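Examining the three-dimensional arrangement
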Amino acid sequence: MADHAHEVTERTHLLFPRARYDEEARSVITKEEGALAGTAIGERLAYNDYTTIDWLHDLVKDSYRFRALHSRQGLRAAIICNFDACSGWIAVSVIGALMAFVAVAVDLSVATVGDWKYGYCSRNPLLNHEACCQYAEEEGKLCDQYKLWGDSYGMRFGIYVGWAVLFGIISSSVTMLSKRALPSVAPKKDYSNSIATSVNDGLTVGKSLYMSAGSGIPEIKTILSGFVIPHFLDLRILVLKAVGAVFAVATGMSLGKEGPFIHIAACVGQFVVQMFPKYRENGKKLREILSAACAAGLSAAFGAPIGGVLFAYEEISVYFPRKVLWKTFLCSMVAAMTLRALNPHGTGKLVLFEMNYGTLYRPEHYLVFIFLGIAGGLWGGTFTMANFKWAKWFRRLPTIKDNPVFEVFLVILITAALQYPNPTTRAPGDIIIKNLLVSCSDTKDTWVCRNERRDDGRWDYIAWLAYGTLVQLASTTITFGLKVPSGIIIPALVGGALFGRLVGQWVTTISPGIFAMVGAAAFLAGVTRMTISLCVIMFELTGELEYTIPHMIAILVAKWTADALSKESVYDLAQSVLGHPFLDTDHALTLVQHQSSALVEALIPPATTMVELTVNVPQNNKVPRKILKEKLGYLHRRGLMDGGIVLVQKGLLQGYIAEPELDFGLNKLGQELGDDVDVRLLGDAEEGEYDLSTFVDRTPITICSKAPMEYAVEIFGKLGLRYLCVTEEGSGKLIGFVIKKRLLIYLDGLKHE
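Owing to the predicted nature of the structure, the values given are computational and were not obtained by experimental measurement.

A look at the overall build of the protein
Scanning the protein from N- to C-terminus turns up 30 helices and 13 strands. For the protein, the residues scored as buried account for 57% of the 753 residues in total. Across the protein, contacts joining residues at least 24 apart in sequence account for 76% of those joining residues at least 6 apart. Carbon together with sulfur atoms contributes 59% to the accessible area of the protein, which is approximately 30,700 Å² in total.

Next comes the structure, spelled out in structure tokens:
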């Protein structure tokens, strides 16, 4: 059931702060919107939660703002124009720098808190193991300032589990503070993965969402596609996400902080753009900055600026023109520069896992890289299905569904019991990767290298690698979806590195670390279906440009194999499970192409619905207020906060007015007027008339009912429309209108046929 203490109404705002109403006119219209009142497209209010932004309207709105700004004369106007032109570059630079500071704070906190499971620094408990022993190691001395918990294995294991459980409870409890109730947006779903649903009246569904749980990437993709999710980018959520991520990663569970960094970066971007009205008051422009911010998040997480740009383009953004690419490039670069200057790892370099294998692969090794790709794809394809089935079964159990903190407790106990005995997987995720990618050709004295120098068959070492691989993959499957901030990137890299190192034990011609590196990329590609961006991230992570081709081979094979098993990546599946209204045009076209003769007329609402949502405007262009209130009531009862009513005369379409503007006009502007008062909807208003014609869009996009369904998918996807009016073939009369969410419901039905 929805949590009434955190109940969110349709009027709660996220991406735009609510402007204060004027005491007389109760106006919330910006100057740019006011300029559009006299045009055919009409003016708009700020967007409601979980509604779609109007990309075309925001495009024209920005053009009006631009022309108004450049029509002024004088030195002051010239300075303002130049600042306006530079404001986007300034904003992304500030975002990149701030994100690097946040990332460093989280990284250092994770390192310190995570090391408390093993011991403490006697001279300063706030120092992690590396910082505590830095000077001793530089001088070649034994570090005696870092104290382990107890002398026996049993005591160390018990304290390790105790700290891990405590950290998990803290992280999950912090996540509980981010619970919000949201309005209905999708057909009823009974999945219990990070949401709780409740039926209101058979037509609408309310659900609760833990804003700081998971990676946040599915929600960010939904926001960037044009939808508004309430409170998801609040500064409060940023703090909860960062604090929760620190303690979640410190538990040692199979999760990472790199995914949550994308959400944190978007929150930073939302915070910064409040200082720039050009972006704050325009949904389309705002999403340009948020796209750039997401790139800075990955850049700060991995020290991979180019990979961050490509990740934003390939995986996150829906709208990504060249000007956004350039701003994203700058934002990612500034984040990397600031990160390097802050030097959180003490190396003075951005490369996180710098390697120098000193050996070259040969053509016969291509077969091994292909094998790693197949293995990564098999796991990626089965992981999405297994995680979905696990969530559908286990998280529907009453005890787990009602007590998400208890689920975290159970998973920590299982993970700690299985991982701690294995020397390979006892360390944090990034340390595990670094140990597995290492080349043992030099004198490195690590546990991995000591075992690989043995000449006694080392079957116990091979058994530990195999055991670690199975435990890592299984624990990742049950961990993903917990009510804590978590990402899938590091766990997938760890699982792939373990498997690659295991395979490398039977290929002795080159370093096993090479196969660990390629295996890590393959397993992550299988889960996320990332390709170009992942390849670049891997050589930025390791500094090994020579192994670009092996990465390309393994990544492509992994993607093909995973796609053969399941078309949805882990992020796509999360969007479906969470019920977020996201239109992926590629997947949508694939679904439509399997239908023999899908036409747009299949999207037309029932005749009774069209009667309820259609207003026949008489020749005087006025309609009684009572009729409009009835139409607004129909919209509210059906939960169509993203809908509106269509205006027709003699069956021909004349315009469209959206629910927010209709509600505002009737209940704010005309709250003191009677129901019998006539409301002007079309034509020029006379002085003193009750006029809502300024809110009417008289330029609606139309499509013939006999048009192929592919037309509707492409129009909604490429133009970013909120609605599409459907006309009758031959006569041109209006017979229906379709909002974007109705198309999504239709596609969801095709998916489950």
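What to know about the state of the cysteines
Within the structure shown, the criterion is met by two disulfides. There is a disulfide in this structure between Cys440 and Cys449, and the S-S distance comes to 2.1 Å. Measuring handedness by torsion sign, the sulfur bridge of Cys440 and Cys449 sits at about -85° and is left-handed. For the pair Cys440 and Cys449, a shared accessibility class is recorded, and that class is buried. Of the cysteine sulfurs around Cys294, a residue in no disulfide, the closest is that of Cys331, at 9.3 Å.

Here's the deal with the pattern of salt bridges
If you walk through the whole model with that rule in mind, you get 22 salt bridges. Where Asp84 meets Arg65, a salt bridge forms, and the shortest distance between an N and an O atom there is 2.8 Å. Taken together, the residues Asp84 in helix 3 (residues 75-115) and Arg65 in helix 2 (residues 55-70) connect sequence positions 19 residues apart. A salt bridge links Lys622 to Glu689, with the nearest nitrogen and oxygen atoms 2.4 Å apart. Taken together, the residues Lys622 in strand 7 (residues 622-624) and Glu689 in the loop between strand 10 (678-680) and strand 11 (702-704) connect sequence positions 67 residues apart. With a relative accessible area of 22%, Lys622 lands in the partly exposed category. Through salt bridges that share partners, Asp62, Arg65, Asp84 and Lys278 make up one connected network.

Re the sheet that holds strand 12 (residues 723-727)
Read from one edge to the other, the open sheet built from three strands follows the order 11-12-13, with strand pairing classed as mixed. In the strand order of this sheet, the two ends are held by strand 11 and strand 13 (734-739), each with one partner. Strand-to-strand twist of the sheet, defined as the mean angle between neighbouring strand axes without regard to direction, takes the value 30°. The pairing of strand 12 with strand 13 spans five bridges and is antiparallel.

Some remarks on a nonpolar patch on the surface
Taken together, the side chains of Phe83, Ile90, Val94, Leu98, Leu235 and Phe271 define a hydrophobic patch exposed on the protein surface, amounting to about 500 Å² of accessible area. At four residues, the largest contribution of residues to the nonpolar patch is made by helix 3. Considering the arrangement of structural elements, one finds Phe271 in helix 9 (residues 258-273).

Description of the environment of Gly96
Structurally, Gly96 is set in helix 3. Leave out the neighbours within four places in its chain, and Gly96 touches Ala296, Cys331, Val334 and Ala335.

Focus: the confidence of the model for the protein
Looking at the protein as a whole, the pLDDT averages 84, with 89% of positions reaching at least 70. Low pLDDT, under 50, characterises residues 1-28; the stretch is placed with 81 contacts to residues that sit more than four places away or in other chains. Across residues 184-205 the pLDDT falls below 50, and counting only partners more than four positions away or on other chains, this stretch makes 69 contacts in the model.

A short note on the packing of aromatic side chains
The full count for this structure, using the stated rule, is 32 aromatic pairs. For the pair Trp55 and Tyr319, a centre-to-centre distance of 5.4 Å together with 55° between the ring planes defines the contact as tilted. Of the two residues, Trp55 sits in helix 2 while Tyr319 sits in the loop between helix 12 (305-316) and helix 13 (322-342), which places them 264 residues apart along the sequence. Here Trp55 falls in the buried class, since its relative accessible area comes to 9%. The exposure class assigned to Tyr319 is partly exposed, which follows from its relative accessible area of 25%. Ring centres of Tyr118 and Tyr160 lie 5.6 Å apart, and the angle between their planes is 55°; this geometry places the pair in the tilted category. One end of the pair, Tyr118, is in the loop between helix 3 and strand 1 (119-121); the other, Tyr160, is in helix 6 (residues 153-176), and 42 residues separate them in sequence. Residue classification places Tyr118 among the buried residues on the basis of a relative accessible area of 18%. With relative accessibility at 2%, the residue Tyr160 sits in the buried group. Counting every residue linked through ring pairs, the aromatic cluster contains Trp116, Tyr120, Trp149, Trp163, Phe167 and Phe247.

Here we look at the environment of His365
With respect to the helices, strands and loops of the structure, His365 is situated in helix 14 (residues 365-394). We classify His365 as buried; its relative accessible area is 2%. Between the alpha carbons of His365 and Phe515 there is a distance of 9.6 Å; along the sequence they are 150 residues apart. Contacts of His365, omitting those with residues within four sequence positions, involve Val507, Thr509, Ile510 and Phe515.

A short note on the packing of helix 14 against helix 21 (residues 512-528)
With their axes 7 Å apart at the nearest point, helix 14 and helix 21 run at an angle of 35° to one another. Handedness of the helix 14/helix 21 crossing: right-handed. Of the residues in helix 21, those touching helix 14 at His365, Val368, Phe369, Leu372, Gly373, Ala375, Gly376, Gly377, Trp379, Gly380, Gly381 and Phe383 are Ile514, Phe515, Val518, Gly519, Ala522, Phe523, Gly526 and Val527. When the residues that make up the contact of helix 14 with helix 21 are grouped by side-chain class, the tally is 12 nonpolar, eight polar and no charged.

What about the pairing of strand 12?
Across the five residues that make up strand 12, a large majority, five, are buried. Where burial is concerned, the two faces of strand 12 agree: the one with Tyr723, Cys725 and Thr727 and the one with Leu724 and Val726 are both buried. Sheet analysis places strand 11 next to strand 12, joined by three bridges and oriented parallel. Bridged to Ile703 within strand 12 is Val726. Taking the sense of rotation as the criterion, the β-α-β connection linking strand 11, helix 29 (residues 709-719) and strand 12 turns out right-handed. Once strand 12 ends, the chain turns through six residues before running back antiparallel as strand 13, passing Gly730 with a positive phi of about 95°.

Rules of the game
Residues numbered from 1 in each chain as written. Predicted model: local features only at pLDDT ≥ 70, side-chain atom pairs only at ≥ 80, totals over all residues. Heavy atoms only, no water. Helix = DSSP H or I, 4+ residues; strand = E, 2+ residues; numbered from the N terminus. Buried < 20%, exposed > 50% of the residue type's maximum accessible area, 1.4 Å probe, protein only. Contact = heavy atoms within 4.5 Å. Areas by Shrake-Rupley, 256 points an atom, 1.4 Å probe, with all protein chains shown as cover. Disulfide = S-S within 2.5 Å. Salt bridge = Lys/Arg side-chain N within 4 Å of Asp/Glu carboxyl O. Pairing = 2+ DSSP bridges. Axes fitted to C-alpha atoms, helices over the stretch in contact; angles between N-to-C directions. Patch = residues over 30% accessible without salt bridge, like charges linked within 9 Å, V, L, I, M, F, W, Y side chains within 5 Å. pLDDT = per-residue confidence, 0-100. Phe/Tyr/Trp six-rings, centres within 6.5 Å; stacked < 30°, edge-to-face > 60°. Left-handed = near helix turned anticlockwise from the far one by under 90°. Nonpolar A, V, L, I, M, F, W, Y, C, P; charged D, E, K, R; others polar. Right-handed = clockwise from strand over helix to strand, strands pointing away.

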